[in-house]
Structures are given as structure tokens and as C-alpha cells.
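# An overview of the molecular structure
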Amino acid sequence: MKFSTIGRIAASLFLALFGACFLSRSDARPKPADSGYHLLKTVSLPAAAGGGEYYDYISVDAAARRVYVSHGTEVVVLNADDYTVAGKIEGLNRSHGVAVARDLGKGFITDGDGRPGATVQEVVIFDLKTLKVTGRVKTGQPDTDAIIYEPVTKHIFTFNGDSHNTTVIDAAKESVITNIDLIGKVEFPAVDGKGMVYDNNPEKNDVVAIDARTNTIKARWPTAPEGSPTSMVMDQKNRRLFSAGRGPQFVIMMDADTGKVLQSYPISGGVDANAFDPGTGMLFVATREGMMHIYHEDSPDKLSEVEAVKTEYGAKTLQVDPKTHNVFLSTSDFNPPAAATQKQPHPQPTPKPGNFRVLVYGR
């Protein structure tokens, strides 16, 4: 009887320790000593039609092995494995983001302009197989910019910077449902795959949580110490938002249910995009200064800094391919900044036409 009791205690301790080890393995990932990311390939692309130079978001369709690269009046589609040009979607005014709805066989491009006198503010719809334009939905909202697909409602959300709102579009019917006033300038969005949409508000220094089923704002969460929150991505499994801002220059990890800021790190200037790789737990943050800040999600409550990789000036937008774990960035050569004025005291260098390129980083 005495031996049996000791044996039971020992077995219980063993099972408790085994369970703790199992939980540790499932919730935590070992932090890498360094990322190992370096330049694999530079893909030079000719100037887009219409002259000038402009580029914005990059999107990766890992299942179809396609990389969508915003480039002025076109979206260039690259093969994600050999980096050749698979096609182009042309005839745009000023392309921004691309959202893919694989269940509908459709892609959606925000074609909007924040410049004075601009008249084109719409979403261009294309067939995912042929890349042919099949429709257009006018938002009528100046600076129709970021875009994301919400899979539960099958709605497209565009985030219209100068209009301070989001346009909700029925992706199947290709029609506008409503506009939601977000009370302040809007930027990069994220979705949780369960009916919630999140967006950065650089004017109010907060994150807006939107219920896609009711098209209502459920919460607003401050992003301090980060200011002017611009770029965002989400770890859907652990329900963590990663938002990065321009002033003060920080990246933060936020609980997507409570809005609690769990960690923050300083970054370089001019952030414009974040990307998260669920397979490796790596978070990538790109800035205009030509830095790719890399972090690792060690656990749902711990983000650690891995390294900052020097890329090229202007490579401020990026996306990661979850299959190969390669990271795609885009940039150009630049003209010197114009002379400072009272209206524009800190002018930025402008990209030179004909020098656009995609940078592929990998390990």
C-alpha cells in the first residue's frame, strides 16, 4: 500500500512534468540566433505606362504561387518560385493594394488617388486564372487605398485615407454595401478570419476593431508608445496584432481581444508594411530608410528582436511567402528631395521612372 501511494505520486509528477513540457513546446518557439535573411534576387521591371513612378502594397497568393506587385498604372504578377513575370493587370490610374478571394476566383485592386483633382476612386476586379479585368466598383471615396478580404462575410473592405472611412463591398455581387466612418485617417488593415477587421488610425493613434457582420465599430485601442500607426499584420492563431508607426517610431504587439499592448520596440523611419510568417513565427517590418526589422514571436506574450537587415532606401513595403519563407520588397532609384516650403517643410525624395525593382530576401 505504501509503495502503491508513492508510485501514484511519482506517476502524477511525471505526467504533470510531461504535460508542462508539451504545453511549452506547443506555445513557445525557440528564438533564432539570427534570421539568416539576405538578398537572393533583384527583379528589375520596366516603367509602367503613363510616366512617373509610384508603388505601394505587395500581396502573395501562396496557393497559386503568385506575387502581386503594385506599380503605378499596373499590377505586375510574378511567379513566386522563379520570379518571372506571369502577367500584368494594366489600365489602372494609381494602383495600391490587391486582395485575393480564392473561394470566389476573384482578385480586387484599389485604384484610388489622393492627389488634388483626382477623379478615379474605385476597385478593379479581375479573374484569378486569366488576370483579365471583369468589373469595377466605384467607391467615390478620395484616396481609396488599402484593401482586405474578410472571408466570413465574403466582403471586401477598402480603407480610404483622405476620406477617413472604409467602404464595404459585397465581393460576390460586386456592389457597395456601406461606408463606415472611422473618425480619422486610416491605414493598413488586418482580419482575424472569424469576422473581425482591424485598422490603424494614424490620426487618432489607435487601432479600430470592426465587426464585419454588423459593420459597426466594437472598440478603439490606443497604440502608445507607438504613434501614427501605419502598418499592421496579425497572427491569427494566437490573436496578436503587430502594428508599427512613424512617430514615435515603434512596433507593438497587441492582444486582439483586449487591445492590451504587450511589447514594443523602436524602429527606423518611414514604416509602411508588416508581414508575419505563421510557420516560423517571424515578424518583418519594412521602412523607407531601407531597413527590414525582424522579430520572433517566442510565445503568445513574448516578441523578441532578432536583427535589422539593411535593404535599399525606399523599400518600405513587403510581404512574406509562407511556403518558401522568402520576403518580397519593392523600391526604385530616387531624385533628391525638393526644396522645403512652409506647406511641405520635410519633402521626401521622389522615385525615378524606369528604375523600379523587386527585392527577394531569403535564408
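Data block above holds the structure.
Residues numbered from 1 in each chain as written. Predicted model: local features only at pLDDT ≥ 70, side-chain atom pairs only at ≥ 80, totals over all residues. Heavy atoms only, no water.

## With respect to the pattern of salt bridges
Put simply, the test is: A pairing counts as a salt bridge when a side-chain nitrogen of Lys or Arg comes within 4 Å of a carboxyl oxygen of Asp or Glu. Secondary structure counts use DSSP, requiring at least four H or I residues in a row for a helix and at least two E residues in a row for a strand, with both numbered from the N terminus. Only protein chains enter the accessibility calculation, which uses a 1.4 Å probe; a residue is then buried when its area is under 20% of its type maximum, exposed when over 50%, and partly exposed in between.
Tallied over the entire structure, the rule returns 20 salt bridges. The salt bridge involving K316 is made with D272; its shortest N-O contact spans 3.0 Å. Taken together, the residues span a long stretch of sequence, with K316 in the loop between strand 25 (302–310) and strand 26 (317–320) and D272 in strand 22 (residues 271–277) at a distance of 44 residues. Exposure remark for D272: the relative accessible area of 9% places this residue in the buried category. For R357, the salt bridge goes to D333, with nearest N and O atoms at 2.9 Å. With R357 in strand 28 (residues 357–362) and D333 in the loop between strand 27 (327–331) and strand 28, the pair connects residues that are 24 residues apart, well separated along the chain. R357 sits in the buried class, given a relative accessible area of 13%. Through salt bridges with shared partners, one network takes in R65, D81 and D321.

## Examining the sheet that holds strand 20 (residues 250–255)
Short version of the rule: In this description, strands pair whenever DSSP reports at least two bridges between them. Under this scheme, a helix contributes an axis fitted over its contacting stretch, all axes are lines through C-alpha atoms, and angles between N-to-C directions fall in the 0 to 180 degree range.
Read across the sheet, 4 strands follow the order 18-19-20-21 without closing on themselves; strand pairing throughout is antiparallel. The two strands at the open ends of the sheet, each matched to only one other strand, are strand 18 (229–235) and strand 21 (261–266). Within this sheet the neighbouring strands show an average axis-to-axis angle of 20°, counted without direction. Pairing between strand 20 and strand 21: 5 bridges, direction antiparallel. Residue pairing for strand 21: F250 is matched across the bridge by P266.

## Things to note about the pairing of strand 6 (residues 95–101)
Summarising burial for strand 6: 6 of the 7 residues are buried, a large majority. Examined bridge by bridge, strand 6 and strand 7 (residues 106–111) share 5 bridges and lie antiparallel to one another. Its bridge partner lying in strand 7, V100 is registered against G107.

## A word on the pairing of strand 2 (residues 55–61)
Of all 7 residues making up strand 2, 6 are buried, and the element is well covered by its neighbours. Where strand 2 meets strand 3 (residues 66–71), 5 bridges bridge the pair, whose relative direction is antiparallel. Opposite I58, over in strand 3, you have V69 as the bridge partner. Between strand 2 and strand 3, which follow one another and run antiparallel, lie 4 residues, and R65 among them has a positive phi close to 60°.

## What to know about the side chain of T153
This is how it is decided: We call two N or O atoms a polar contact when they sit within 3.5 Å, provided that within protein one can donate a hydrogen and the other can accept it, with sequence-adjacent residues counted only if both atoms are side-chain atoms. We call two residues contacting when some pair of their heavy atoms lies within 4.5 Å.
Mapped onto the secondary structure, T153 falls in the loop between strand 10 (144–150) and strand 11 (155–160). Of the polar contacts made by the side chain of T153, one reaches the side chain of E150; its length is 2.7 Å. Of the polar contacts made by the side chain of T153, one reaches the backbone nitrogen of H155; its length is 3.4 Å. The contact partners of T153, leaving out residues within four places of it in the chain, are A212 and R213.

## A word on the nonpolar core
Note the threshold: Definition used in this section: a nonpolar core is a set of buried Ala, Val, Leu, Ile, Met, Phe, Trp, Tyr and Cys residues joined via side-chain atoms within 4.5 Å.
In this structure, Y198, L241 and M292 are the most contacted members of the largest nonpolar core, which totals 45 residues. Each residue touching M292, except ones within four places of it in the same chain, is listed here: Y37, F284, V285, E307, A308, V309, T311, L318, V327, L329 and Y361. In terms of nonpolar packing, the next biggest core, distinct from the first, is built from 14 residues, V43, L45, A80 and F328 among them.

## Topic: the packing of aromatic side chains
Condition: For Phe, Tyr and Trp, where Trp contributes only its six-membered ring, two rings pair if their centres lie within 6.5 Å, and the inter-plane angle classes them as stacked under 30 degrees, edge-to-face over 60, or tilted in between. Look at NZ for Lys and CZ for Arg. If either is within 6 Å of the ring centre and within 35 degrees of the ring normal, a charge sits over the ring.
Taken as a whole and judged by the stated rule, the model has 9 aromatic pairs. Judged by centre distance (5.5 Å) and plane angle (20°), the rings of F242 and F276 are stacked. Of the two residues, F242 sits in strand 19 (residues 240–245) while F276 sits in strand 22, which places them 34 residues apart along the sequence. Like F276, F242 is buried. Over the aromatic face of Y54 sits the side chain of R94, whose NZ or CZ is 3.7 Å from the ring centroid. The ring of Y55 has K316 sitting right over it, with the charged end atom 5.5 Å from the ring centre.

## Remarks on the sheet that holds strand 14 (residues 189–191)
Strand order in this open sheet of 4 strands is 14-15-16-17, and the pairing throughout is antiparallel. What marks the edges here is a single partner per strand, and that holds for strand 14 and strand 17 (216–222). Between one strand axis and the next, the sheet turns through 20° on average, direction left out of account. Direction of pairing for strand 16 (residues 206–211) relative to strand 17: antiparallel, over a ladder of 6 bridges. Paired with D206 across the two strands is P222, which belongs to strand 17.

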